[in-house]
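Residue-level structure breakdown
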Amino acid sequence: MIRRDFLKTIGAVTAGAAAGIPASGAQAAKSLLFQDGDDNSLNDLTLPIRSLRPQVDRQVSVIVIGAGSRGNVYARYAEAWPFAMKVVGVSDILEHRCRKMSDIHGVPAEHRFGDWSEVFKVPKFADAVVISTPDDLHYAPCMKALAMGYDVLLEKPVAQTEKECKAILAQAHKYNRIVAVCHVLRYAPYFIAMREVVRSGAIGQLVSVQHMEPIQYAHMAHSYVRGNWRDSKATTPIILAKSCHDLDILRWIIDSPCKSIVADGSLHLFKPENAPEGAPLKCTDGCPHESTCPYSAIDIYTRKKAHLNVFDLDGNRDPEVIMQRLLTPPYDSYARCVYHCDNDQPDHYVSEMVFEGGQTASFSMEAFAPYGGRRTRIMGTTGYIEGDGTQFTLWDFRTRTPKVWNKKVSDIPEYRGSGHGGGDHALARDFVEAVAAQDPSRLSSTIDVSIESHVMGFAAERSRRSGRKEKV
Ligand SMILES: NC(=O)c1ccc[n+]([C@@H]2O[C@H](COP(=O)([O-])OP(=O)(O)OC[C@H]3O[C@@H](n4cnc5c(N)ncnc54)[C@H](O)[C@@H]3O)[C@@H](O)[C@H]2O)c1
């Protein structure tokens, strides 16, 4: 079933709610979602997990700009569904990354590029571009791509400033092009199911939300202390770099524009004054604390074998090979002591939001947690939802019987390998369908809605710095 049909299925629910039928109407709508005789499971929601197979009547050609981790996620979708998507050009300043992706997809020599700007020196030769370069290289290629008539799959964050985000929105409208922002959580069955339960009226009126993003301590050290997103000025503030997904999900579930936001938070731990005595600049320089430090690069990479995608290992997970990488530029930047990096991203961040419908939300991003995955609590007038990123429970105050949604996306073979709870490739599917049909309504994360949550993020960061409540 294509997304439009799916929306039609639940359209009765939305129409009922929109028509202002709060009591019996909501009850009737609810029955569309919850079958009579349901046990305590929500897994039978009339919410099929749509196949990742795209419904297209033609093949969509794309150029991948930035053949790193995310670029490969989308290129793999083309490998899985070659009748629908074909990679016809690749750009990456790292020659081996460009070569590897180009070889897999049979990209001809004349369409293998280094810097992104080279792509636009040749006449348009594809339907769309995938922009999966670092955060500071989204704006310029996106503006150029739109002007040349390409549709765009744009990695988040959209751009580094609110002004640039709005300029991209205006450019998309000016050239009438499709821009899908990779807010992949919107495409994850878990969040789709959670949102549909809210929309069904099962918790009455939504009053408030508590949402947390635990980053997980080693992930924090990898990405936001040592790694690519450590410097808020070179990339974007962490509320956008990491948590624009969360602001987007809050705006999407609450379904009302955000009016104001107040935020706080700081970098507490990862700075030189907190380095244990005698810690050298790199974990690999014989640090006396290596065996007890939870942030040891040697431990995270060679023993736990986490976050290895940055080392270009081609699947080789031999600890000696990983260690060799940690000793070799440019990979040796990941061997740096977490107390001796050029980082400024906060490791704890709290915020409170008020929405136009009067709903409130609190959001916190926490580095010091043993796990990742979002935690969400949704409070309604007649019910409550609590979820941990993979399963959620609905409590209806009237029936007092908890119901659980715990469908395992990994049980569906074709969803295996699609990250973000299945959202990565579900987004790719909708993008390919939208471009093939030239119909942006196939997308949940259009540029227009994505800009809204980015504006929330910029307002949060202004508030964190000024100490004032900011209007959105
Ligand atoms: N949607 C999500 O959930 C999600 C998750 C992680 C990262 N991201 C975002 O995706 C983007 C890419 O992240 P990543 O993890 O793939 O990073 P990455 O470093 O793995 O990939 C980026 C690639 O861009 C290449 N590049 C750098 N400068 C270039 C230039 N001038 N021209 C062409 N190529 C260039 C790099 O060599 C690298 O291969 C970032 O903006 C990041 O914030 C999104």
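Quick notes on the rules
Residues numbered from 1 in each chain as written. Predicted model: local features only at pLDDT ≥ 70, side-chain atom pairs only at ≥ 80, totals over all residues. Heavy atoms only, no water. Helix = DSSP H or I, 4+ residues; strand = E, 2+ residues; numbered from the N terminus. Buried < 20%, exposed > 50% of the residue type's maximum accessible area, 1.4 Å probe, protein only. Contact = heavy atoms within 4.5 Å. Areas by Shrake-Rupley, 256 points an atom, 1.4 Å probe, with all protein chains shown as cover. Phe/Tyr/Trp six-rings, centres within 6.5 Å; stacked < 30°, edge-to-face > 60°. Axes fitted to C-alpha atoms, helices over the stretch in contact; angles between N-to-C directions. Parallel < 35°, antiparallel > 145°, perpendicular 65-115°, else oblique. Nonpolar A, V, L, I, M, F, W, Y, C, P; charged D, E, K, R; others polar. Near = heavy atom within 4 Å. Polar contact = N/O pair within 3.5 Å; in protein donor to acceptor, adjacent residues only side chain to side chain. Pairing = 2+ DSSP bridges.

**What to know about the overall build of the chain**
- Summing up its helical and strand segments, the chain has 14 helices and 15 strands in all.
- Burial status across the chain gives 54% buried among its 472 residues.
- Put simply, 72% of the contacts in the chain that link residues at least 6 apart link residues at least 24 apart.
- Carbon together with sulfur atoms contributes 53% to the accessible area of the chain, which is approximately 19,800 Å² in total.

**Details of the packing of aromatic side chains**
- On inspection of all chains with the given rule, the structure shows 17 aromatic pairs.
- When the centroid spacing of 6.1 Å and the interplanar angle of 80° are considered together, the rings of Y301 and Y334 count as edge-to-face. Residue Y301 is located in helix α11 (residues 297-303), and its partner Y334 is located in the loop between α12 (319-326) and β9 (348-355); the two are separated by 33 residues in the primary sequence. Y334 shares its class with Y301; the two are buried.

**Remarks on the packing of helix α6 (residues 162-174) against helix α14 (residues 447-466)**
- Where α6 contacts α14, the axes come no closer than 10 Å and their chain directions differ by 170°. Judged by the angle between their axes, α6 and α14 are roughly antiparallel. Together, E162, C165, K166, I168, L169, A172 and H173 of α6 and I447, D448, I451, H454, V455, F458 and R462 of α14 make up the contact between the two elements.
- Its residues placed into classes, the contact of α6 with α14 shows eight nonpolar, two polar and four charged.

**Describing the site of the ligand**
- What surrounds the ligand is a group of 28 residues, the closest being R70, D92, R97, D115 and D135.
- One of the side-chain N or O atoms of H138 is found 2.8 Å from an oxygen atom in the ligand.
- Protein chains shield 88% of the accessible area of the ligand, which is 850 Å² for the free molecule.

**What to know about the sheet that holds strand β6 (residues 179-181)**
- An order of β3-β2-β1-β4-β5-β6 is seen for the six strands of this open sheet, with the pairing classed as parallel. Edge positions in the sheet fall to β3 (112-113) and β6, since each of these pairs with one other strand and no more.
- Where strand β4 (residues 128-131) and strand β5 (residues 151-154) come together, four bridges link them in parallel fashion. By the bridge assignment for β5, V130 is matched with L153.

**Let's talk about the sheet that holds strand β12 (residues 383-387)**
- With mixed pairing, the nine strands of this open sheet are ordered in space as β14-β13-β12-β11-β7-β10-β9-β8-β15. The sheet terminates laterally at β14 (403-405) and β15 (470-471), the two strands that pair on one side only.
- Bridge count for β12 against strand β13 (residues 392-396) is five bridges, and the pairing is antiparallel. When the bridges of β13 are listed, G383 appears paired with D396.

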